[in-house]
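Structural overview
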Amino acid sequence: MSDVLARAIDHALALDRAAIPAAARHAARVFLVDTLAVGICGARIPEARALAHVLTDGGRGESRVLCSGEALPAAQAAFRNAFQIHDQEFDSVHEGAVVHPMAVIGGVLLAVAERRGRRGAAVDGAALTDALVVAVDVAATVGLCARSPMRFFRPAMAGALGALAGAARLEGLDAGTLRRAYGLLLGQLSGTMQAHLEGTPGLPLQIGANARAAVTALDLARAGFDGPRDALEGPFGYFALVEGQFVLSPFDDLGRVFRMTEVSHKPFPTGRAAHAALDGLDRLQQAHGFGGDEVARATLEAPPLIRRLVGRPASAGMAPSWARLCLPYLVATRLVTGGVRVEDFDPPALADPARLARAAIVDWRPNGVEDPNALVPQSLEIALRNGRVLRADLPAVLGSPRYPLDRAAQRAKFDACLDASPGRFVATRRDELWAAVEALDSVPDVRELVSLCTTA
C-alpha cells in the first residue's frame, strides 16, 4: 500500500501558507467570488426553495444559506449551499479531473467557517484561502487518478473528499482524527450517474448530500467515533469501488502542482461538455456574420464523453435539469436568442417552439479520441442554407486556463447571477462583496463575507 491518504492528510494539515504560490491564492479568490455568485443565483430555482421546507432547522442555527440568510446547523447549511452552487450547472470545473471542485467544497467550508466564528473562533480570509487551496488539491487529485468512465457522480464524491481536507484544516484536526473522519465519510459517500442520465435535480442533491456527509464525518470523528483506516486504497475503499480503474501517480504532485490554478470558469449555465460548441458557434458568427436562421445544420465532432454527458434529444415538456445538459437545446437557444442565460431554463423558454424546431438541426459525431474523460479537442461544423460550410477547431474550452475569461467577463457573470437571483443586491452591496473577495487575505472574519451574500 502506498497510503496516499496519509499524503493527502499531511498536505491538508501541514502545508505551510508560505508554500502556497501567489497564483494559487489569486485563483482561490477568483473562483470563490464566482462560487458565491452562482450560489446566490441558485436560490432562484423551485427545488432550492423546496429544500427550505425539507431541510428544516432542527438545531442551533450557526451557518447561513446564501441569498436568503437563513441560519441552520452547519451540516444542513452545507447541503443547501452546495445544492445552490451546482443546481444551475453554472459552477466552476476542473476539466482534467471531471470534478466541480467548488460546489461541495464551497458549501462545506463556508458552513464550517461560520460555525467556528459563532463559537468564538473566527476564521479569517487567509485561513479560508489556505483551506480552499488544499481542498481543491485533494478533490482534483482524486479525480485525476480515474482511468474509467464515470459510473458514480465524481464531482459529489471527490468534492467531499477534498472538502473534508479543507474543513479539517480550518478546525485544526490532528492527522489521526482526520484519518478516522475519512473512514466515516467513506460510508456516507453517495451519488451515481443515473441522475445525470435522466437529467433530474437528483444531481445537485447528490452534491448537497455529500457536503452534509463531509461535515457529519468531521463532527463524528471529533466526537470520538472510529472508522476504517484505508478509505482510499482499501479493497472496499473509494478507488476500488467507485473508480475501478485508477492510477495513484497524481498524488506525487501534491504540494508541487496547485490544482486551483487549473480550474475553469463556466461562462454558460450548462454542462461543461456543451461549452465548446456554444463558444465555437459564437466565434463563427462573429467571423462570418451569419444569422441563426441561416444555419441548416450544426455538427459537433467530439470525444465520447461529450455525447455521454450532453448528447440527449430536446423535447417538449423536458425538465430544466434535462435542458441544461441537452446540446441540441443549448445550440438552438444560442441560434434563436444570441446567448444562453439562466432564464433560458425557465418554463416559457423551454416551451418555445422555435427552439425545439432548431434543436433538430444539431448532430454529433466522434472525432477518434478514446480517453473516456477527455473534453477536448472538439470541432464545430456549421452548414449554411446557401451551401457554405464553416468550421471552428476547438482545442480548449472557453473559461479554461488555456482560454480564460478576462476580468471584465468574470464581473459580467457575477452581475448577471445577482440580477437573476431572488434577492435584491444593490450596486453598493455587489461592489462590497467583489472587493471583499479580492482582499480576502485581509478579511478578519469569514462571517462578514457571508453577510454580504445574503439579503436577510
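What comes next concerns the included structure.

The rules we used
Residues numbered from 1 in each chain as written. Predicted model: local features only at pLDDT ≥ 70, side-chain atom pairs only at ≥ 80, totals over all residues. Heavy atoms only, no water. Helix = DSSP H or I, 4+ residues; strand = E, 2+ residues; numbered from the N terminus. Buried < 20%, exposed > 50% of the residue type's maximum accessible area, 1.4 Å probe, protein only. Phe/Tyr/Trp six-rings, centres within 6.5 Å; stacked < 30°, edge-to-face > 60°. Lys NZ or Arg CZ within 6 Å of the ring centre and 35° of its normal. Contact = heavy atoms within 4.5 Å. Polar contact = N/O pair within 3.5 Å; in protein donor to acceptor, adjacent residues only side chain to side chain. Core = buried A, V, L, I, M, F, W, Y, C linked by side-chain atoms within 4.5 Å. Salt bridge = Lys/Arg side-chain N within 4 Å of Asp/Glu carboxyl O. 1 Å grid on protein atoms, 1.4 Å probe; cavity = no way out; pocket = protein on both sides within 12 Å on 5 of 7 lines; lining within 4 Å. Points joined across faces, edges and corners; volume = space filled by probe spheres on them. Nonpolar A, V, L, I, M, F, W, Y, C, P; charged D, E, K, R; others polar.

Regarding unusual backbone geometry
Omega for the peptide link from V376 to P377 comes to 5°, which places this bond in the cis form. Its place among the elements puts P377 in the loop between strand 4 (362–366) and strand 5 (378–384). Phi is positive for C67, close to 80°, though the residue is something other than glycine. The residue C67 is located in the loop between strand 1 (63–64) and strand 2 (71–72) in this model. Here C67 falls in the buried class, since its relative accessible area comes to 4%. Its identity is not glycine, yet V98 carries a phi of approximately 55°, on the positive side. Along the chain, V98 falls in the loop between helix 4 (74–86) and helix 5 (101–118).

Some words on the packing of aromatic side chains
Each aromatic ring pair is characterised by the separation of its centres together with the angle its planes make. One pass over the full model with this rule turns up 5 aromatic pairs. Look at F239 and F246: their rings are 5.0 Å apart centre to centre, the planes differ by 20°, and that puts the pair in the stacked class. Plain terms: the ring middles of Y329 and F345 are 6.0 Å apart, the flat faces sit at 55° to each other, and that makes the pair tilted. Placement of the pair is Y329 in helix 15 (residues 327–337) and F345 in the loop between helix 15 and helix 16 (347–350), with a sequence separation of 16 residues. Pair check on accessibility: Y329 and F345 agree, each one buried. Through successive ring pairs, a cluster of aromatic residues spans Y238, F239, F246 and F251. Seen from the ring of F90, K413 lies directly overhead, with NZ or CZ sitting 4.2 Å from the centre.

Quick notes on the side chain of S264
Relative to the assigned elements, S264 resides in the loop between helix 11 (238–243) and helix 12 (275–288). The exposure class assigned to S264 is buried, which follows from its relative accessible area of 1%. Once residues lying within four places of it in the same chain are set aside, the contact partners of S264 are F31, S92, V93, E95, R272, G399, S400 and P401.

Side note on the side chain of Q88
Note on placement: Q88 falls in the loop between helix 4 and helix 5. Looking at Q88, its side chain comes within polar contact range of the main-chain oxygen of C41, at 3.3 Å. Discounting residues that sit within four places of it in the chain, Q88 has contacts with C41, G42, R44, I45, P269, T270, R324 and V342.

Topic: the nonpolar core
Formed by 158 residues in total, the largest nonpolar core has its most connected members in V108, L109, Y182 and Y238. I45, L51, F83 and A209 belong to the second-largest nonpolar core, a separate cluster that totals 6 residues.

Looking at the pattern of salt bridges
Under the defined criterion, the tally for this structure stands at 38 salt bridges. A salt bridge links E243 to R154, with the shortest nitrogen-to-oxygen separation between them at 2.9 Å. On the criterion of sequence distance, the pair formed by E243 in helix 11 and R154 in helix 7 (residues 154–171) is long-range, its members being 89 residues apart. Owing to a relative accessible area of 3%, E243 belongs among the buried residues under this scheme. The exposure class of R154 is buried, given its relative accessible area of 1%. In this structure, R411 engages D415 in a salt bridge whose closest nitrogen and oxygen atoms are separated by 3.1 Å. One end of the pair, R411, and the other, D415, are both in helix 18 (residues 407–420), 4 residues apart, so they sit about a helical turn from each other. What you see here is one network of salt bridges that share partners, running through R17, R25, D130, R169 and D441.

A short note on empty space enclosed by the protein
Applying the stated criterion across every chain yields a total of 2 cavities of 30 Å³ or more. Of the voids in this model, the largest cavity is the one considered here, and its volume is about 210 Å³. Looking at the lining of the largest cavity element by element, the count peaks at 3 residues for helix 13 (residues 304–310). Classifying every residue of the lining of the largest cavity gives 14 nonpolar, 3 polar and 3 charged. If you add up the space inside the second largest cavity, you get close to 70 Å³. Contributing to the lining of the second largest cavity are V30, V33, D34, A37, H265, R407, Q410, K413, F414 and W434. Those elements that place two or more of their residues in the lining of the second largest cavity are helix 2 (22–41) and helix 18. Residues that form the lining of the second largest cavity fall into these classes: 5 nonpolar, 2 polar and 3 charged.

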